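Structure assessment
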Amino acid sequence: MNAHDDESTASRAPSRLDAARPDGAFRPTACPVGAPADGLTATDGPPAADGPDGSDPVGQAADGPDDDVRTPIPAPAPEPVPAPGGPAAPPSGAAALAVPYQVGAVLALAVAAVAVCVHLGMVFLHVTPSNTVNRQHAEAVDWWIYPEFEQNWKLFAPNPLQQNIAVQVRAEVGTADGGTRTTGWYDLSAEDGRAIDGNPLPSHTQQNELRRAWDFYGAAHDADNRPVGLRGALAEQYLRRIVVLRLERGDAAGTGGVLERVQVRSRTSNVPPPPWSSEKATGKPAYRTLPWWTVPAGETRGGGR
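Each chain carries its own residue numbering, running from 1 in the direction its sequence is written. Note on the predicted model: pLDDT of at least 70 is required for a residue's local features to be given, and 80 or more for side-chain atom pairs to be given and counted; whole-chain, interface and lining totals, by contrast, use all residues. Values shown for side chains rest on all heavy atoms present in the structure; no hydrogens or waters enter the calculation.

1. A look at the overall build of the chain
Strands here mean DSSP runs of E at least two residues long; helices mean DSSP runs of H or I at least four residues long; both are numbered from the N terminus. Counting its regular elements, the chain contains eight helices and six strands. In the chain, the succession of helices and strands from N to C terminus is α-α-α-α-α-β-β-β-α-α-α-β-β-β. The buried share of the chain, taken over its 305 residues, is 20%. Throughout, a residue-residue contact means that at least one pair of heavy atoms, one from each residue, lies within 4.5 Å. By sequence separation, contacts in the chain at least 24 residues apart represent 56% of the contacts at least 6 residues apart. Summed over its atoms, the accessible surface of the chain is roughly 22100 Å², and 60% of this surface lies on carbon and sulfur atoms. A 1.4 Å probe rolled over the protein chains alone gives each residue an accessible area, and that area as a share of the maximum for its type sets the label: buried under 20%, exposed over 50%, partly exposed in between. A 1.4 Å probe and the Shrake-Rupley method give the accessible areas. Residues count as covered only by the protein chains that appear here.

Written out as structure tokens, the structure reads:
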């Protein structure tokens, strides 16, 4: 080796291979000016151990590119905003229907609105005090209201009802052998009460039909059961048909029997006052018995007169 080779060797930067000793120990190497004292660069991690043959285990050259440099992750691109005047949303609801169905829906709503307005107007004329309008149209108002929509103010009266009124009926039955027998009293109000008890949605018939028929009859007749005004005959016919239908459903006539006559009565008992009240009420019920009514042949089994 000549002197020129010694100088080139001395001027060459020491490598990790030069720093290794045969016994596996490392000797300090000279660091370039401005490098960290521990032999690491600003971007290098801890020095990796050499393999048994002195080569880099990860296949990196000493002067290769720095693998610890991270590539920046690009920011997500903003979602495109639809330009004004883009495609409109598809129609929904009634607008999505075909034109004939839209016309039908409009007509149905118009009919329902007219029916509601007429009903509210009739009820208003019925409950308002007597005046020129409701006197002039009394027949039309009564036809619309009675008996299903009748209104009264008894709940808000100074002395509301404090009585229980039960409607009862018995019948005279013509038997198959030509004889006649009289049934016992059927408590129709008790039957309605049993049907309503425990029923969260009782029908209007179970709640009001029989009660309103009896009130209608009482308002159209005096204490001697004589009709008052023109509605007396209608009230009698209405009450009679209700009790006949109830007897038919209960098979009161029996096999081969025919309902010939019926008799209706009411049983009125006072509601007991509360313990803190000083009011006294008699516990004895009062009865109002109507005369016997002949049942027309066509009125049984749900028929007409």
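2. Re the packing of helix H7 (residues 204-219) against helix H8 (residues 232-249)
Where H7 meets H8, the axes come as close as 8 Å, and the angle between the chain directions of the two elements is 140°. The two elements H7 and H8 meet at a crossing, and its hand is left-handed. Together, Thr205, Glu209, Leu210, Ala213, Trp214, Phe216 and Tyr217 of H7 and Leu234, Ala235, Glu236, Tyr238, Leu239, Ile242 and Arg246 of H8 make up the contact between the two elements. Three categories are distinguished: nonpolar for Ala, Val, Leu, Ile, Met, Phe, Trp, Tyr, Cys and Pro, charged for Asp, Glu, Lys and Arg, and polar for the others, with Gly belonging to the last. Class assignment of the residues belonging to the contact of H7 with H8 gives a composition of 10 nonpolar, one polar and three charged. Axes here refer to lines fitted to C-alpha atoms; in helices the fit is confined to the stretch in contact. Angles between the N-to-C directions go from 0 to 180 degrees. With the far helix as reference, a near helix turned anticlockwise by less than a right angle produces a left-handed crossing, and one turned clockwise produces a right-handed crossing.

3. Observations regarding the pattern of salt bridges
The rule for a salt bridge is simple: a side-chain nitrogen of Lys or Arg has to be within 4 Å of a carboxyl oxygen of Asp or Glu. Applying the stated criterion to the full structure yields six salt bridges. Arginine 261 serves as the salt-bridge partner of glutamate 172, at 3.0 Å between the closest nitrogen and oxygen. Of the two residues, glutamate 172 is situated in strand S1 (residues 163-174) and arginine 261 in strand S4 (residues 258-270); the sequence distance between them amounts to 89 residues. The exposure class assigned to glutamate 172 is buried, which follows from its relative accessible area of 16%. One salt bridge in this structure joins arginine 246 and glutamate 209, with 3.6 Å as the shortest N-O distance. Of this pair, arginine 246 sits in helix H8 while glutamate 209 sits in helix H7, placing them 37 residues apart in sequence. One continuous salt-bridge network, built from bridges that share partners, spans Asp192, Glu209 and Arg246.

4. Some words on unusual backbone geometry
Phi at asparagine 225 is positive, roughly 65°, even though this residue is not glycine. Its location among the elements puts asparagine 225 in the loop between H7 and H8. For aspartate 251, which is not a glycine, the phi torsion comes out positive at approximately 55°. With respect to the helices, strands and loops of the structure, aspartate 251 is situated in the loop between H8 and S4.

5. What to know about the packing of aromatic side chains
Think of it this way: a Phe, Tyr or Trp ring, Trp meaning its six-membered ring, pairs with another when their centres are within 6.5 Å, and the plane angle makes it stacked under 30 degrees, edge-to-face over 60, tilted otherwise. Using the criterion set out here, one finds four aromatic pairs in the structure. Members of the aromatic cluster, connected to one another through ring pairs, are Trp214, Tyr217 and Trp293. Over a ring means this: the NZ of a Lys or the CZ of an Arg is within 6 Å of the ring centre and within 35 degrees of the ring normal. Seen from the ring of tyrosine 146, arginine 231 lies directly overhead, with NZ or CZ sitting 4.2 Å from the centre. Sitting above the plane of the tryptophan 185 ring, arginine 265 keeps its charged end 4.1 Å from the centroid.

6. A short note on the packing of helix H6 (residues 188-196) against H7
Put simply, H6 and H7 touch, their axes get as near as 9 Å, and they point 160° apart. With respect to their mutual orientation, H6 and H7 come out roughly antiparallel. Of the two elements, H6 crosses H7, and the hand of that crossing is left-handed. For the pair H6 and H7, the contacting residues are Leu188, Ser189, Asp192, Ala195 and Ile196 in the first and Gln206, Gln207 and Leu210 in the second. Angles are sorted into four bins: roughly parallel if under 35 degrees, roughly antiparallel if over 145, roughly perpendicular if 65 to 115, and oblique for all others.

7. Notes on the pairing of S4
One requirement defines pairing of two strands: DSSP has to find at least two bridges between them. Direction of pairing for S1 relative to S4: antiparallel, over a ladder of 12 bridges. Of the residues in S4, the one forming a bridge with glutamate 172 is arginine 261. In this sheet, strand S6 (residues 293-294) lies alongside S4 in antiparallel orientation, the contact comprising two bridges. Across the sheet, residue valine 262 finds its bridge partner in S6, namely tryptophan 293. Note that S4 and strand S5 (residues 286-289) share four bridges and pair antiparallel. Opposite threonine 268, over in S5, you have alanine 286 as the bridge partner.

8. Some words on the environment of tyrosine 186
Structurally, tyrosine 186 can be placed in strand S3 (residues 186-187). As a C-alpha pair, tyrosine 186 and alanine 171 span 15 residues in sequence and 9.1 Å in three-dimensional space. For tyrosine 186, the residues in contact, after removing those within four places along its chain, are Val167, Gln168, Val169, Leu247 and Ala252.

9. A short note on the confidence of the model for the chain
Here the chain averages 77 in pLDDT, while 68% of its residues score no lower than 70. Predicted confidence for residues 1-11 stays below pLDDT 50, and this span has one contact to residues more than four positions away or in other chains. The predictor reports its confidence for every residue as pLDDT, a score running from 0 up to 100. Confidence over residues 57-62 falls short of pLDDT 50; this stretch has four contacts with residues more than four positions distant or in other chains.

10. Topic: the nonpolar core
Among the buried residues, those of types Ala, Val, Leu, Ile, Met, Phe, Trp, Tyr and Cys that are joined through side-chain atoms within 4.5 Å form a nonpolar core. Core analysis: the largest hydrophobic core is formed by 25 residues, its most contacted members being Leu239, Val243, Val262 and Val264. Broken down by secondary-structure element, the contributors of at least two residues to this core are S1, H7, H8 and S4. In terms of residue count, H8 provides more of this core than any other element does, six residues in total. If near-sequence neighbours (up to four positions away) are discounted, valine 243 is found in contact with Val169, Leu188, Val262 and Val264. Listed in part, the five residues of the second largest apolar core include Met122, Val123, Leu125 and Val141.

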